[in-house]
Amino acid sequence: MRIVQKYGGTSLGDEGKIRLAARRMTGLARQGAQVVAVVSAQGQLTDELIEKAARVNRRGAAREMDAYLAAGEQMSAALMAMAIGALGYPAVSLTGWQAGIRTDSVHGNGRILEIDTTRILAELEKGRIVVVAGFQGVSPDNDITTLGRGGSDTTAVALAAWLHADRCQIFTDVDGVYDRDPRIYPDATRFGRISYERMLSLIGSGAQVLHDRSVEIARDHGIRLEVLSAFSGEPGTIVGE
Ligand code: ADP
Ligand code: ASP
Ligand code: MG
């Protein structure tokens, strides 16, 4: 079985949470699964980097912003690979470029055009867990691009498509998709299942629980997404037909 798991920023907020995710991955790998993890920058790091850059230049070149912001995800990926290594399992971190993620040239909102999976497949073949830095790719000019805020979801779903993964799990800080933001509305109702179209319309009305392009890719490739809590161990919401 081949599985892609994505971990958002709050799910990686401290070392304990990183270790928890690493244990979940090694558990699956020890049962024989091929595991590809996609990680976001830790906690609120992307926001902090944006604020810091604005103090240096309020209108910094989009190309440099992408190079700067992509570093957050790269640090997460390397840290996660080290956490997996500490559990005695081989792992390798890859930047978007190393993972073969090719985008267009739109800095700050790049679109994935193609993924050359050669390197990832070679690493899986060696028996390693592969940890890919989310939210980034490389343009035709070999510049780093980012995929837009929340774009690590799209990295995960695109990888699931190009790698023909059997499962794609999106781990986050809530236990699924609700009809409204459960942090603002405590009486919100959770979906057991939701269609791609309903999910896209929720996103359209402001639910940033998933990146819109991730749902479009899932729909176009017939990928069933599982949106679930990184902490509870409970099944979450299935996004699919
Ligand atoms: P991650 O860092 O895991 O990518 P995000 O912050 O991007 O997490 O998305 C999860 C957040 O989305 C939740 O903490 C929740 O407050 C918010 N959210 C907004 N609308 C919804 C909704 N309809 N269902 C679930 N979560 C929602
Ligand atoms: N770190 C990026 C962001 O905050 C990407 C992501 O979290 O998906 O937007
Ligand atoms: Mg997100």
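Up top is the structure.
The paragraphs below set out a description of the structure included in this document. (Residues numbered from 1 in each chain as written. Chains lettered and ligands numbered in written order. Predicted model: local features only at pLDDT ≥ 70, side-chain atom pairs only at ≥ 80, totals over all residues. Heavy atoms only, no water.)

1. Let's talk about the pattern of salt bridges
A complete count under the given rule lists 14 salt bridges for this structure. One salt bridge connects E64 with R63, and the closest N-O pair in it is separated by 2.8 Å. Residue classification places E64 among the partly exposed positions, given a relative accessible area of 44%. Here E226 makes a salt bridge to R167, at a shortest N to O gap of 2.8 Å. With E226 in strand β11 (residues 225-229) and R167 in strand β9 (residues 167-172), the pair connects residues that are 59 residues apart, well separated along the chain. By relative accessible area, which is 10% here, E226 ends up buried. One network of salt bridges, with partners in common, ties together R119, E123, K126 and R128. (Salt bridge = Lys/Arg side-chain N within 4 Å of Asp/Glu carboxyl O. Buried < 20%, exposed > 50% of the residue type's maximum accessible area, 1.4 Å probe, protein only. Helix = DSSP H or I, 4+ residues; strand = E, 2+ residues; numbered from the N terminus.)

2. With respect to the packing of helix α2 (residues 45-56) against helix α3 (residues 62-86)
Axis separation between α2 and α3 bottoms out at 10 Å; the angle between their running directions is 150°. As the angle between them shows, α2 and α3 are arranged roughly antiparallel. In the packing of α2 onto α3, the handedness of the crossing is right-handed. Of α3, the residues touching α2 (which contributes L45, T46, L49, I50, K52 and A53) are M65, Y68, L69, G72, E73 and M75. Its residues assigned to classes, the contact of α2 with α3 shows eight nonpolar, two polar and two charged. (Axes fitted to C-alpha atoms, helices over the stretch in contact; angles between N-to-C directions. Parallel < 35°, antiparallel > 145°, perpendicular 65-115°, else oblique. Left-handed = near helix turned anticlockwise from the far one by under 90°. Contact = heavy atoms within 4.5 Å. Nonpolar A, V, L, I, M, F, W, Y, C, P; charged D, E, K, R; others polar.)

3. Let's talk about the packing of aromatic side chains
Counting across every chain of the model gives one aromatic pair. Taken together, a centroid distance of 4.9 Å and an interplanar angle of 5° make the contact between Y7 and F171 stacked. Residue Y7 is located in strand β1 (residues 2-7), and its partner F171 is located in strand β9; the two are separated by 164 residues in the primary sequence. For the pair Y7 and F171, one class covers both residues: buried. The ring of F171 has R24 sitting right over it, with the charged end atom 4.3 Å from the ring centre. (Phe/Tyr/Trp six-rings, centres within 6.5 Å; stacked < 30°, edge-to-face > 60°. Lys NZ or Arg CZ within 6 Å of the ring centre and 35° of its normal.)

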